[in-house]
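Tertiary structure, described
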Amino acid sequence: MAEVPPAKRAKTDEELVQTEETVLRADPSSSVSTPASAATSSHGDITMSAATEADVGITAFVSPNLAPFKATIKHRFADFLVHEVDKAGNIIHLQSTEVPESIMPEETDVAKTVGDFYEALPEYFESEELVAKFKAMVETRNNPPIEIQTPKPVSDKTRRTFFHKSMKKHFADFLVCTNTQDNCLVVKGGKEQGKRRGNNWSNRDWSKGEFLEFTLYKENRDTLEACSLLANMMRMSSKVFTYAGTKDKRAITVQRVSAYRVEAERLAALNKTLKNMMAGDFRYTTKRLDLGDLSGNHFVITLRDVDTPSEDTIHKSLESLRDKGFINYYGMQRFGTRSVPTHAVGLAMLQERYDKAVDLILGPKDDEREDFTAARKHWQEHKDPVEALKVFPKRCMAERSILNFFVKARNIIDCASALDSIPRNMRLMYVHAYQSYVWNCAASARMSLYGPQPVVGDLVDITGKDVTDADEEAGPQADLVLIETEEEAGKYTIEDVVLPLPGYDVVYPKNKVWDTYVEVMAKHGLDPNNMERRNKTTNLSGGYRKIVTRPKNVSWRLFRYEDASIPLSQTDLDRQRGIPPPQSVEGGSRLAIVLEFTLQPSQYATMAMYEVMKMGTGSQLHKGIAQANDGGKKQNPQNGKPRPDQGVKRKVEDEVEGEEVAVKSSSRPQSFPPSSLYSAIMSAIHSDNFYVPRANQNAQLTQLGGRGKGNAIFGRDGRGGSEPKYITGKGGVNPFLKDLQIRLPFLPGHSFEIEKFTHTSERKSHAFDYCNGVPVFKQDAPGIGGHALPGQTDAKIHTSVEMYPHSEDADGTKGVPAWVAFDRKVLRFYAYFQEAVHERREEQYRVRRVNIYFYLEDDSVHVSEPKTANSGIPQGTLIRRHRIPLPNNEQGQHYTVKDFNVGREVTFYARTFKIVGCDAFTRDFLGTLGISVPANGVFPPDPYELCRAEMLSRMKATRPCPPKSSLKKFLENDRHVLRFYCVWDDTNSVFGDLRHMVVHYYLSDDTIEIRESIPANSGRESNTLFLRRCKLPKRPKVFLYGQGPAEGEAEYFTDKDLTIGTVLHLYGRPFVICDCDEFTKEYYHEKYGLDNFDPVRIQDYADGGTGKEGSPEELLPFAPVPPDLLPFPPTSLSSLRHPPPGAPASGPAAAVAALSQPLIGGPNSGAAPATGGHASSTRKDFKKMTLYDGVCLRFAAQLKTDRQVDRDRRFVVSLHVADDTISVFEPRSRNSGIVGGKFLEKQRIMRPDGQAWYEPKDFFIGADLTFFHHPFGITGADDYAIKFMDAHPEMFPMHHRLREAAAEEEAAAATMDRDVVVYHKVGDPVPQTLVPAVQTLQGYQRRVAGLA
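Criteria and thresholds
- Residues numbered from 1 in each chain as written.
- Predicted model: local features only at pLDDT ≥ 70, side-chain atom pairs only at ≥ 80, totals over all residues.
- Heavy atoms only, no water.
- Pairing = 2+ DSSP bridges.
- Helix = DSSP H or I, 4+ residues; strand = E, 2+ residues; numbered from the N terminus.
- Axes fitted to C-alpha atoms, helices over the stretch in contact; angles between N-to-C directions.
- Core = buried A, V, L, I, M, F, W, Y, C linked by side-chain atoms within 4.5 Å.
- Buried < 20%, exposed > 50% of the residue type's maximum accessible area, 1.4 Å probe, protein only.
- Phe/Tyr/Trp six-rings, centres within 6.5 Å; stacked < 30°, edge-to-face > 60°.
- Lys NZ or Arg CZ within 6 Å of the ring centre and 35° of its normal.
- Arc of directions from axis to C-beta.
- Contact = heavy atoms within 4.5 Å.
- Patch = residues over 30% accessible without salt bridge, like charges linked within 9 Å, V, L, I, M, F, W, Y side chains within 5 Å.
- Areas by Shrake-Rupley, 256 points an atom, 1.4 Å probe, with all protein chains shown as cover.
- Salt bridge = Lys/Arg side-chain N within 4 Å of Asp/Glu carboxyl O.

What follows covers the sheet that holds strand β39 (residues 1270–1277). In spatial order, the strands read β37-β36-β35-β34-β39-β38; together these 6 strands make up an open sheet with antiparallel pairing. Every interior strand has two partners, whereas the edge strands, β37 (1237–1243) and β38 (1264–1267), have only one. The mean inter-strand angle of the sheet, taken between neighbouring strand axes irrespective of direction, is 30°. Bridge count for β38 against β39 is 4 bridges, and the pairing is antiparallel.

Given below as structure tokens:
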């Protein structure tokens, strides 16, 4: 059994609002069981027509042998009830529309009833007369208007608030309460005109939960529309509403919705005004609902007008559904029923034919509303996005998104970007619809080939859970296994078998079903193994879906009835209103089935009905059945009754102007047209207003030899336009006029010039012109109207503009010219040409790479060669920008956009360029023109470049210096400042105290500025600047008496040295960093991976680190920091984690202990580290500097590396004993290819562990030292160094031990005729086992002396 790795899932939403209903047909010649009536063009286009289940791949059944029966689906909205099933498995019903008292806010400062308010009135008005007057205002609703005022001011604000809130609660419709300047209350007539009311976030207590969860009941509304309506009525954004899934529009649905910080009482108040909607069952929760927070949907479906030979047929079909399930097809609502399919658009997008996809979306469709049809026709005729936006309804979301992009882009050719402007969910709907079609075909083929049982090569799910389909937004991945043997197949059922949706990250079955995927997609020019695309929308990863699913909780009952308009099932709203459930009529003439079952998400109930009835489920089919059952009258889906005045309207199609019509015959008929029509035609011809009345035009035009419908001729009055418009045929001649001329009798007055009506302009050509100030005559000037004169060639200079789509204004004139629409739009191609090179050994030819720029505005071409370093060739512009003529062309044609493509060769002035690639913009633009662009190739190797690369590899620097990127650092980090909060303990000074500082670290130049936070009334000056902005050195320069300045470059603080708990030494003043701002924390988290930024409490320093309120470990918990990322100074955070013996372990006490150390410079002041691996002393050893001034010990060393080149290099390591500084020098070696000299500047070097500096005790023959990640091995020393180490054994203990070991070995080997061999074990502080060394001590000393 082969386990299949889980693949990524393509996320879609099966219940998106469908603005396009679609259908796809397959090829009948397919060998597999695919849809049987489709045709595809050479490009894999989809034939548009009305759809059935067979057209979208739905052809198989689980139980094909059961007898079918007929019934009507969705005759009314109440015939299709959908109830959401939550995660716990509970079916959602609308129980109550009242707000529970448990979630009502408690009102303590308002009168709950009017009676309670009346009882409190004597406390304000202090007289029965004013109280009675107020009650009269309430009873008469202040008619006539009067005004009353409290006799005394109400100084208590609580009492005033009580009065105002009570007035707003009970009398806000007709009374208003205001305050006077002396706090008297005034009551007068009027409405409360408060501010626009939104979410009352400040006054309400949201401790019970910020999300209001409620049940939404809706009829004939999709979920998104319903939530938008609620948001508009409550004056808030629709984003506050979330839900677990969208529900069908043509149904009655019940689902749970959550709203962020919305009052339940406000939402419940909308039930009085909502139409076909209701909200109830309110409660507050702390978690909102998200997509996928449901376990399925419960359906109550009513099948009306059941036509079956016996009821036993019904029971057998429903029992099969309950026991065996149905094929988990994608239903018809996935594809639609109109002439333009959504998956046809998706196919065009997958083929990267974006112009075709745009035409399908904006093109005409059948069975649409009149305003939709008129808008699409306007676009087809004028191609003007500005005018089309004015006529397209706002419901056309995809169409308006495309047109809006065209308006902003000022062209209509960038179709790929126009499609990207459509909302993402809607774009995904197109490509996922094509995935669904292929899956349906594969499922039908699988069931036809192998039946309802697993076979070898199937993919099965072994998780035991429901396989997550690619349509859902979230869910578990399927754990798949490939069946390899018959024994494995017997372990599973058909309900475990899954099929993949086409994608680049799925596994396909290993049987004949794979051939179905290949054949179905090959008809459309697609390959299931090549589904990766550059566009994110069409880059589909795929998913998996079960072939067969079985519904749960299946039950049904037969229902007899007479009236087709009565409801046959009880809705939640009927239950709320007390309407009893409908009862079956004994002996009723009509039969219905009320079926209930539960499905998982992304499963179609209509496909279950398809399995039961064995008939189509399309909406048009069932509308026709319902009309036939009700006498041919259309039904109202709201109540099922026939609509009044539903006579069939005769649809009169407008004739298409500009249609090319072929004349069938030119023979003269024996009969002439009626005199009335003949007179009208002749008078219209001579009056230049050629128009045929609509009345009886078809019948009479047929007698004239025309085709009747579709060939009418319209003039100025035909459509209300101001300009005459004529139908022109092939060759620019109106075929109708030509046929009319032939059929009219050849008599005076009956002839006319046919060509007259084909001329759109009667202007004469401009033959005289000036060229450079000289009058010339244009020999090629055409005749009147632009037509060629006799003997004049009709050659036309072709330009790229001919291939571009044009934008036209409403009057038919061209819109934006090409030089405006394509200004600064340039196509870039990558090409090369070969140039012969003579008499050179390194190269016989040279490959020169160029960039070819094609300017879309005027077809000009510019060729430029990128500069190559040290090539010695003048490079840059090879061909300046101009139109380049085609080679061997006598008509003056030049290169256009169609002449350029990847893989083609172009010749510019006898030099041939080979195009090997282009940029992304060029590829997308050529794709919009329908030009297929191959993948980018590679340039051939250039012999000179290969030779040059080999030469440069030998010249590679062995000691590369780190690049100084100060400018780049400034540009990236300008105005970025790290802020730290510090304290300076100055209590030891006279009148000193604990002073608070703010350290600003500027990332642009690594400078530091310190400002003091001066508290109020502290007695200090108001100037907060403590240290001006500068680089802060770690070791301030100290000048001793009689000595010059310190050598070497100063070392400064960087961002690596600053963190919480670090002691920052500023010229002897210790600053402890206690905290930092949020930007600084985010910076250290992103760059160094730090997560713990617990602050150091300042009072701990005031208490001396005693930790009165907690232990130091609790007050300063530090997170572990990688040593390679933050090499902190010794008294920084790392020293606090690893304190020396006797020091506090961690926390503020450790920081205070660090503060108590006497310091002159920073922590890296140059003193030798203390024992134990920690740098403790910061003072310089002046005695040592005086005694050993000028003492320099030289050692021979070599690099310990695997590279042979570096292994042969020799170095001299110099140790300056006075200050323990180290320098490294490399002697020059002839013919080595390495330039010798200074390798490492004189400086102190830290050990690799970062705990201490290198000291004299670390130097001995055989020692391994690492200087800045360069491992060195000490191989010898000069005589002076050996004598000095012998004289100072306390400074060089390891050398002393090796000498003693060598002496003992010399005594043991006195009889041997060889040099004394030195034994030591490299790396052991105290050698325990001696091993032979490489060379003798005496020979080693002689070699070092000779080297010196």
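Within the largest apolar cluster, 107 residues are counted, with the highest numbers of intra-cluster contacts made by Leu 303, Ile 402, Leu 419, Tyr 430, Phe 597, Met 609 and Met 613. The biggest single contributor to this core is helix α14 (residues 424–450), with 13 residues.

This part covers the pairing of strand β15 (residues 497–501). Counting buried positions over the 5 residues of β15 gives 5, a clear majority of the element. In terms of strand pairing, strand β13 (residues 459–461) meets β15 through 2 bridges, oriented antiparallel. Bridging from a neighbouring strand, Val 460 pairs with Val 497 of β15. Pairing of β15 with strand β16 (residues 543–546) involves 4 bridges; the strand directions are antiparallel. Opposite Pro 500, over in β16, you have Tyr 544 as the bridge partner.

Moving on, we come to unusual backbone geometry. With phi around 65°, Asn 183 is a residue other than glycine that occupies positive phi space. Mapped onto the secondary structure, Asn 183 falls in the loop between β5 (175–179) and β6 (185–189). Look at Asp 859: it is not a glycine, yet its phi comes out positive at around 65°. Turning to its location among the elements, Asp 859 is positioned in the loop between β23 (845–855) and β24 (861–865).

Right, let's get into the environment of Ala 344. Its place among the elements puts Ala 344 in helix α8 (residues 342–350). Distance in space between the C-alpha atoms of Ala 344 and Ile 361 is 9.7 Å, their sequence separation being 17 residues.

Next up on the list: the packing of aromatic side chains. All told, the structure shown has 47 aromatic pairs when counted by the stated rule. Aromatic pair Phe 80 and Phe 299: ring centres 5.9 Å apart, planes at 65°, arrangement edge-to-face. Here Phe 80 is found in strand β3 (residues 80–85), whereas its partner Phe 299 is found in strand β11 (residues 296–307), with 219 residues between them in sequence. One exposure class covers both Phe 80 and Phe 299, and it is buried. Counting every residue linked through ring pairs, the aromatic cluster contains Phe 117, Tyr 118, Tyr 124, Phe 125, Phe 134, Phe 163, Phe 171 and Phe 174. Taking NZ or CZ as reference, Lys 135 lies 5.0 Å from the ring centre of Tyr 118, over its face. Here Arg 159 stacks its cationic end above the ring of Tyr 124, 4.8 Å away from the centre of that ring.

Further remarks concern the pairing of strand β36 (residues 1221–1226). Across the 6 residues of β36, 5 count as buried, placing the element largely inside the fold. Bridge count between strand β35 (residues 1210–1216) and β36: 5 bridges; the pairing is antiparallel. Each bridged residue has a counterpart across the sheet, and for Ser 1214 the counterpart in β36 is Ser 1223. In textbook terms, the turn of a hairpin is the stretch between consecutive antiparallel strands, and for β35 and β36 this stretch comprises 4 residues, one of which, Asp 1220, has a positive phi near 60°. In this sheet, β37 lies alongside β36 in antiparallel orientation, the contact comprising 4 bridges. What sits directly across from Phe 1225, in β37, is Lys 1238.

Okay, helix α16 (residues 513–522) next. Among the residues of α16, those classed as buried are Val 513, Thr 516, Tyr 517, Val 520 and Met 521. Buried residues of α16 fall within an arc of 110° about the axis and therefore sit on the same side. Summarising the contacts, the buried residues of α16 are in contact with α14 and β15.

Side chains of Met 951, Leu 952 and Met 955 sit close together on the surface and give an oily, nonpolar patch of about 290 Å² of accessible area. Position of Met 955 relative to the elements: it lies in the loop between α25 (943–954) and α26 (966–973).

In this section: the pattern of salt bridges. Following the criterion strictly, the structure yields 47 salt bridges and no others. Among the salt bridges present, the one from Asp 572 reaches Arg 575, with a minimum N-O distance of 2.7 Å. With Asp 572 and Arg 575 both in helix α17 (residues 572–576), this residue pair falls 3 residues apart, about one helical turn. Residue Asp 572 is classed as buried on the basis of its relative accessible area, which comes to 2%.

Treat this as a map of the structure, not an account of what it does.
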